[in-house]
Each structure stands twice: as C-alpha cells, then as structure tokens.
Amino acid sequence: MMEYGFGIDIGGTTVKIAFFDCKGILLNKWEIKTNTANGGNAILPDIAASVKNYLIERNIPAEQIIGIGVGVPGPVDDNGIVNKCVNLGWGKVDLQKELTALTGFPVKAGNDANVAALGECWCGAARGYENVVLATLGTGIGGGIIVKGKIVNGVHGAGGEIGHIVLEKEETEACGCGKYGCAEQYCSATGVVRVANRFLTEYADASVLRMLEKMECKDVFEAAEKGDAAAQVILERVYSYLGLFLANICCVTDPDVILLGGGVSKAGKPLVDGAMKYFQKYAFHACRSTKILMAELGNDAGAYGAWKLALDAFGER
C-alpha cells in the first residue's frame, strides 16, 4: 500500500526535503546543500541520493512511496520542464523526467512560489479557500496564484510572477528583471530600503535611519514604531505601493484571500493595516472585501505544496 512521499523545495543555497504521509502530515524534514557548480548538474543526483538514503536508513519499501513533488525557483511548465533557472545555473531542464529516472518514483514539479501558495491553501492560512494569491515579500517578490484549488502556471510557466507588475512607469532605475518600476522595487525587503534611501536623499528630515551604516528593512519598521517621523513617511509610501499592487492583482484574479509571506511580512498587523487603507482606495469595488492575511507555514510552505502537487497527480493510482 502506498502511504508516503516527498515534498522538495529547491533553493539557491539549500534544498529542503520533507517526508509526508498521504494525509499531509509532515513526518520529517532536512536540508542538503544546493551544489550550483557546473551548471547545477549535481542538484538532482544529490536529491535522489538523499531520498534513497532516507528510505534505506528507515527500511521503508519503495512500494510505499506515492511520488515526489518539487518546487523550483524559476518558470516550470505543465510538463515539468524548467525554462531557465539562474539561481541554480540551469538552462532548460526536464526535471520530472530526469528525477524520475534517478529515483524510480513519479515526479511532479512546479514553480516554488506557486507551490508555496498551494501549500498554504492546503494546510496553512488559506485552508478552506479555493482562490488564493500568495505574495512573498522577501529579497524580491515571489507570487503564487491558486484558482479553484489549482496552480495557475500560464503558457510559459510564468504565471504568478506578480512582483513584476509595473507600479511606476516613469521609474529610471532598473529592476533585476530588466524592466522599470516593478512592484519588487518598492514592496520587497530591498524595495523598502530603496524607498527609504531615496526619501532620505530627497529630503532633509532628521532620522535615526541616517545613522545606520547599512540599513535593513526591519530598521525602517522599528524606527517607525519608535516614532521616527521620516521612517513613518517612508512606510506610508511603501503601504501605498503595496495597496496598489494588491488591488491590481485582485482586478485579474478576484481571490477569496491574499496571503503575505516573506521577511517583510514579519512586520505583522501594521503591514496589513497600512496596505489595506490603500487597497480600499485602489481596489475595484467588487474586490474591496478581499481578505489580506499572513501566511502561516513559513519555510515549510514549499514542501507542503510540492507534496500536495504530487499527491494530486499520483495519489489515486
């Protein structure tokens, strides 16, 4: 009887591997180093070796494994083909075919942010909802879109790349993607610092932020909480961008709920309240009741979602 499987979240530094039962209970988890040398050729063999060793060490028969789900930090089409992943050194990789050949288990792959959204929808903050958007506000902005319980991949595997919605068409500094004025430039952790530095350059307001050798996103929130006027103005700008960003998303997807994850979301209620004020201003009237909540699963969201992806694909065999 098949009872178990793996949810795997491949990152640029580490690969998170989790072992689940068929009910979605996380039984064990561990990490291995992501070896990006030589075009990332060792990444899939390393994963296969770790999976096989785990089963051997615990005397778990291969016949009890349903399959493997994988989240990847790059575009993945419906056939599990990765179309270039810079963080891993990959060009075009047929991940599902290659990892199946290495492990002997069926594999289902998806974009990591999309998969994380599926995880939150299944076992996290969006339990009970079928239409969900996850915005991960980290170094950049990742996104995942779930419609009727299914991931929206898009034709090119780029569904959910919400961080590159343009908010400022007159922006003169380029985003990492090469475009100008992307949401990532204002609402991510690096975006908050960028907005802060730009404000401090343009205005002479006194601020504790000017005394920092290297400003981080959390410094802006802490300064604002302590009453620093400049920091409060900076965050108001960020909230305005974030509210506009989320309102734009709702015009396209009209979800039940938007989840905020990533490092910036650690700001908690002030972030939601600040964004909601502008969301209400910019949102289409039919979308103004959309809930904005904090994601719950943290770094495990990708593993949960990857396993759900595999379970949906192979669980009924």
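The model shown is predicted, which means the values in this text are computed figures rather than measured ones.

Chemist: Explain the sheet that holds strand β1 (residues 4–10) residue by residue, including any values.
Modeler: Spatial strand order, β3-β2-β1-β4-β7: five strands in an open sheet with mixed pairing. The sheet is open, and its two edges are formed by β3 (26–33) and β7 (107–111), each paired on a single side. Sheet twist, expressed as the mean angle between neighbouring strand axes with direction ignored, is 20°. Pairing of β1 with strand β4 (residues 65–72) involves six bridges; the strand directions are parallel.

Chemist: Describe the pairing of β4, listing the residues and the values that go with them.
Modeler: Within β4, eight of the eight residues are buried, which leaves it mostly tucked inside the rest of the structure. One ladder, built from five bridges, connects β4 with β7; its direction is parallel. When the sheet's bridge partners are listed, Gly69 is paired in β7 with Lys108.

Chemist: Describe the pattern of salt bridges, listing the residues and the values that go with them.
Modeler: Inspection of every chain in the model, using the stated rule, returns 12 salt bridges. Across the pair Glu170 and Lys169 runs a salt bridge, and its minimum N-O distance is 3.0 Å. Residue classification places Glu170 among the exposed positions, given a relative accessible area of 58%. Where Asp273 meets Lys269, a salt bridge forms, and the shortest distance between an N and an O atom there is 2.6 Å. Here Asp273 pairs with Lys269, and both are found in helix α9 (residues 269–282), just four residues apart, close to one helical turn. Under the relative-accessibility criterion, Lys269 is labelled exposed at 59%.

Chemist: Describe the packing of helix α4 (residues 112–123) against helix α10 (residues 301–314), and please don't skip the residues or the numbers.
Modeler: The contact between α4 and α10 brings their axes to 6 Å, and the two run at 85°. By the angle class used here, α4 and α10 are roughly perpendicular. Packed against α4, whose contacting residues are Val115, Ala116, Leu118, Gly119, Glu120, Trp122 and Cys123, the element α10 presents Ala301, Gly302, Tyr304, Gly305, Ala306, Trp307, Lys308, Leu309 and Leu311 at the interface. When its residues are assigned to classes, the contact of α4 with α10 shows 11 nonpolar, three polar and two charged.

Chemist: Break down the packing of helix α2 (residues 43–57) against helix α3 (residues 95–103) for me, with residues and values.
Modeler: At a minimum axis distance of 9 Å, the contact between α2 and α3 shows a crossing angle of 40°. Relative to α3, the element α2 lies oblique. Pair α2 / α3 crosses with right-handed handedness. For the pair α2 and α3, contact is made by Leu44, Pro45, Ile47, Ala48 and Lys52 and by Leu95, Glu98, Leu99, Leu102 and Thr103, respectively.

Chemist: Tell me what's going on with the layout of surface pockets, and back it up with residues and numbers.
Modeler: Estimated volume of the largest pocket: approximately 1,400 Å³. Together, 48 residues line the largest pocket, and Pro73, Asp112, Ala113, Thr136 and Gly142 are the ones closest to its centre. At the level of elements, β1, β2 (14–21), β5 (81–85), α4, β8 (132–137), β9 (141–147) and α10 are the ones that each hand at least two residues to the lining of the largest pocket. Considering each element in turn, the lining of the largest pocket owes the most residues, five residues, to α4. Put simply, the second largest pocket is a space of about 230 Å³. At the level of elements, β7, β10 (150–151) and α10 are the ones that each hand at least two residues to the lining of the second largest pocket. Its residues placed into classes, the lining of the second largest pocket shows five nonpolar, three polar and five charged.

Definitions and limits used
Residues numbered from 1 in each chain as written. Predicted model: local features only at pLDDT ≥ 70, side-chain atom pairs only at ≥ 80, totals over all residues. Heavy atoms only, no water. Pairing = 2+ DSSP bridges. Helix = DSSP H or I, 4+ residues; strand = E, 2+ residues; numbered from the N terminus. Axes fitted to C-alpha atoms, helices over the stretch in contact; angles between N-to-C directions. Buried < 20%, exposed > 50% of the residue type's maximum accessible area, 1.4 Å probe, protein only. Salt bridge = Lys/Arg side-chain N within 4 Å of Asp/Glu carboxyl O. Parallel < 35°, antiparallel > 145°, perpendicular 65-115°, else oblique. Contact = heavy atoms within 4.5 Å. Nonpolar A, V, L, I, M, F, W, Y, C, P; charged D, E, K, R; others polar. Left-handed = near helix turned anticlockwise from the far one by under 90°. 1 Å grid on protein atoms, 1.4 Å probe; cavity = no way out; pocket = protein on both sides within 12 Å on 5 of 7 lines; lining within 4 Å. Points joined across faces, edges and corners; volume = space filled by probe spheres on them.

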